[in-house]
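Inside the fold
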Amino acid sequence: AAMAAVRDALSTRAAEPKKRNQAEIRSAFAKFVVGQISESEARALGIEAGNGSVTVPEVIASEIITYAQEENLLRKYGTVVRTAGDVKYPVLVKKAEGNVNKKERTTEILETSIEFDEILLDPAEFDALATVTKKLLAMSGAPIESIVVEELKKAYVRKETNYMFNGDDVDNLNPGALSKKAVAFTPTVAVDLKAADAGQKVYDALIEMKNTPVTEVMKKGRWIVNRAALTMVEKMKTSDGFPLLRPMTQAEGGIGNTLVGYPMEFTDAADKKGTPDVPVLYFGDYSSFHIQDVIGAMQIQKLVEKFSGTNRIGFQIYNLLDGQLIYSPFEPTVYKYEMPIGE
């Protein structure tokens, strides 16, 4: 017992300097970004700085990524790979065929052929820009450095989320974005949201949709819907009064809601561009959405001269990233259902 107490004390003593060091790095980084300490002082505190830019420390970068996971559901459920460069993912394009032989074997075992296609994740440049007045920076009463980093974080995550969900930025198109790569689903019976039995029709369509993927995908399936779809299913019931959306039981985790038996989350990022009132529902296994983070690529740069005419200072965050939905043509992993309002 005495030795255990000594071990715990030493462990706590070792952890405290690490926490202090992380806090110092976080504070030094934020202060250097807004110009409250010099470049030499920042380097003395472990911040990599030079040529007007500063590499985001690991402790800050992890906070930005954590925030991105909270806001970007594809980061939360996708497969993230951190690399120093491009990575090729092998994708199955032809199912392997096994053999069976009930009698005594008299011939060689037939070769099982598997073919792979290589999808290249090619990181794109991401940046977000925020400006702050010199007057605000001169005020010492508010933690301006923390506010600047927080706003840059939000601006970056909004850009990253749109790239993964829609991929429609000019000159930065993403053919593997969720909205482009997910397989369109059309129910056997068209749904009329204005009909008296709309709840039952929607329920039947969703049952059909969640049973469309192969078994491996269906077992890991979950729903990601936009706000319009959430509002729709919250109001609807089947013909016998069964609500489409219901809270999870303790056996299912106890947190969140389920839709026809599968977990469901909503995000405004799933909106159809220009028509946010159209219900959009995705169902599938989102681990097939591969995200490539390039190690050490995230930087923040202070822009003084660019906005000097308006007495403002710009702060730009930069990162290298790619995210694509990758699946075999034989086994689509995510289906998309856009429910026309007029039907």
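Scroll up for the structure.
The rules behind these values
- By convention here, each chain's residues receive numbers from 1 onward along its written sequence.
- Whole-chain, interface and lining totals are the exception, using all residues; otherwise, since this is a predicted model, local features are given only for residues with pLDDT of at least 70 and side-chain atom pairs are given and counted only at 80 or more.
- Excluding hydrogens and water, the side-chain values take into account all heavy atoms of the structure.
- Each helix corresponds to a stretch of at least 4 residues labelled H or I by DSSP, and each strand to a stretch of at least 2 residues labelled E; elements are numbered beginning at the N terminus.
- Note on exposure labels: buried denotes an accessible area under 20% of the residue type's maximum, exposed denotes more than 50%, and partly exposed covers the range between, all computed with a 1.4 Å probe on protein chains only.
- Two residues form a contact once any of their heavy atoms are found within 4.5 Å.
- Computed by Shrake-Rupley with a 1.4 Å probe, the accessible areas treat only the displayed protein chains as cover when residues are assessed.
- The criterion is simple. A nonpolar core is a set of buried Ala, Val, Leu, Ile, Met, Phe, Trp, Tyr and Cys residues joined through side-chain atoms within 4.5 Å.
- Between rings of Phe, Tyr and Trp, where Trp is taken as its six-membered ring, a pair exists when centres lie within 6.5 Å; planes separated by under 30 degrees are stacked, by over 60 edge-to-face, and by other angles tilted.
- In this scheme, strands are said to pair when DSSP sees at least two bridges between them.

Moving on to the overall build of the chain. In terms of regular secondary structure, the chain is built from ten helices and 18 strands. For the chain, the residues scored as buried account for 43% of the 343 residues in total. Taking contacts inside the chain between residues at least 6 apart in sequence as the whole, the part at least 24 apart equals 74%. In the form shown here, the chain has an accessible surface area of approximately 19,000 Å², with 53% of it arising from carbon and sulfur atoms.

What follows deals with the nonpolar core. By size, the foremost hydrophobic cluster in this structure holds 41 residues, and its most contacted members are Tyr 156, Leu 178, Tyr 282 and Ile 317. Among the elements of the structure, helix H3 (58-71), helix H4 (73-77), strand S6 (124-133), helix H6 (144-165), strand S14 (280-284), strand S15 (289-294) and strand S17 (312-325) are those that each provide at least two residues to this core. In terms of residue count, H6 provides more of this core than any other element does, eight residues in total. Non-local contacts of Ile 317, meaning those with residues more than four positions away in its chain, are made with Ile 64, Phe 126, Asp 127, Ala 128, Leu 152, Tyr 156, Met 298, Gln 299 and Ile 300. Of all hydrophobic cores here, the second largest spans 27 residues; its members include Val 191, Trp 223, Val 225 and Val 233.

With that settled, the discussion passes to helix H10 (residues 227-235). Taken residue by residue, H10 has Ala 228, Ala 229, Leu 230, Met 232 and Val 233 as its buried positions. Against helix H8 (198-210), strand S10 (222-225), strand S11 (245-247), strand S12 (257-259), strand S13 (262-266) and S14 lie the buried residues of H10.

Aromatic ring pairs are defined here through the distance separating the ring centres and the angle between the ring planes. Scanning the entire structure with this criterion turns up six aromatic pairs. Aromatic side chains Phe 126 and Tyr 156 sit 6.4 Å apart centroid to centroid with 75° between the ring planes, which places their arrangement in the edge-to-face category. On the criterion of sequence distance, the pair formed by Phe 126 in strand S6 and Tyr 156 in helix H6 is long-range, its members being 30 residues apart. For the pair Phe 126 and Tyr 156, a shared accessibility class is recorded, and that class is buried.

Turning our eyes to something else, we now look at unusual backbone geometry. One non-glycine residue, Val 260, lies in positive phi territory at about 45°. On the secondary structure map, Val 260 appears in the loop between S12 and S13. Non-glycine residue Asn 311 carries a positive phi angle of around 55°. Checked against the element boundaries, Asn 311 lands in the loop between strand S16 (299-303) and S17. Judged by its relative accessible area of 48%, Asn 311 falls in the partly exposed class.

This next bit is on the pairing of S14. Within S14, five of the five residues are buried, leaving the element largely enclosed by the surrounding structure. Side chains Val 280, Tyr 282 and Gly 284 of S14 all project onto a buried face; the interleaved residues Leu 281 and Phe 283 project onto the opposite face, where all are buried too. One ladder, built from four bridges, connects S10 with S14; its direction is antiparallel. Across the sheet, residue Ile 224 finds its bridge partner in S14, namely Tyr 282. Where S14 meets strand S18 (residues 334-338), five bridges bridge the pair, whose relative direction is antiparallel. Bridge assignment links Leu 281 to a residue of S18, and that residue is Tyr 337.

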